[in-house]
Amino acid sequence: MANKKLKLKRLHGQKAAQLKRMIKPTDSRLKEADRAVSKKKKSGETERQVMEKPQASSAMFFQYNTQLGPPYHILVDTNFINFSIKNKLDIVKTMMDCLYAKCIPYVTDCVVGELEKLGQKYKLALRIIKDARFERIKCMHRGTYADDCLVQRVMQHKCYIVATNDKDLKRRIRKIPGVPIMNVAMNRYVIERMPDAFEPMAKK
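The structure reproduced in this document is the subject of the present report. Computed from a prediction, not measured in an experiment: that's the story for all the values here. (Residues numbered from 1 in each chain as written. Predicted model: local features only at pLDDT ≥ 70, side-chain atom pairs only at ≥ 80, totals over all residues. Heavy atoms only, no water.)

In terms of regular secondary structure, the protein chain is built from eight helices and eight strands. Residues classed as buried in the protein chain amount to 36% of the 204 residues present. Partitioning the intrachain contacts of the protein chain with sequence separation of at least 6 by distance along the chain shows that 62% fall at a separation of at least 24. Working note: accessible area of the protein chain is about 14,800 Å², and carbon and sulfur atoms make up 54% of it. (Helix = DSSP H or I, 4+ residues; strand = E, 2+ residues; numbered from the N terminus. Buried < 20%, exposed > 50% of the residue type's maximum accessible area, 1.4 Å probe, protein only. Contact = heavy atoms within 4.5 Å. Areas by Shrake-Rupley, 256 points an atom, 1.4 Å probe, with all protein chains shown as cover.)

This paragraph deals with helix α7 (residues 146–156). For α7, the full list of buried residues reads A146, D147, C149, L150, V151, R153 and V154. Summarising the contacts, the buried residues of α7 are in contact with β3 (72–76), β4 (103–108), α5 (109–118), β5 (135–137), β6 (160–163) and α8 (167–174).

Here the focus is the sheet that holds strand β8 (residues 188–192). What the six strands build is an open sheet, ordered β5-β4-β3-β6-β7-β8; its pairing is mixed. Here the strands that pair on one side only, and so sit at the sheet edges, are β5 and β8. Here the average twist between neighbouring strands, direction ignored, is 35°. Two strands pair when backbone bridges link them, and strand β7 (residues 181–185) and β8 are joined in this way by five bridges, in the antiparallel orientation. Pairing of M182 across the sheet is with I191, part of β8. Together, β3, β4 and β5 form the strand contacts of α5, whose direction differs from that of β4 by roughly 65°. (Pairing = 2+ DSSP bridges. Axes fitted to C-alpha atoms, helices over the stretch in contact; angles between N-to-C directions.)

The next point concerns the pattern of salt bridges. Evaluation of the coordinates by the stated rule reveals six salt bridges. The partner of R136 in a salt bridge is D109, with the nearest N and O atoms 2.8 Å apart. Placement of the pair is R136 in strand β5 and D109 in helix α5, with a sequence separation of 27 residues. (Salt bridge = Lys/Arg side-chain N within 4 Å of Asp/Glu carboxyl O.)

The following block contains the structure:
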């Protein structure tokens, strides 16, 4: 019994010595950040991680965009108009041939501004977009850079198809769920990321 008591005393003594050797939170060798962590541990507080999660659009049902359907609202980019002219395509007619439904092309103020800046060569493009079949959208932002405006618009309203041949803009649009892209290829319009229910050109 006496031996057991001695052993226990030794163990308690060793533990007490180890505790004395530990650095205290008030020690001058500790950095301010380490002191803060040790204070939290002492008080038993656990650090909560803040996670930012963007709110999902009410138009999206899983990966399916419920706001998309005929008549199609198509946001037209500057170079899409220019590619259509080069390929001698009637924009509204070719859109309807592609989607087999009524299409309403939309042009923002910044797209019109970009075409006006390009000068006399793009007079025909300006005349085309001033057609009564084209709807004009007013922009509230400064400047005439259309890409940011189009991206912002389709993020807020999921009812649009974006018509563009710009590689950078297409890359940005692909990151937004539920927004199809229309582009000029092989002398006709091609649609990508269109839901199965509205994809007549998918298997052609």
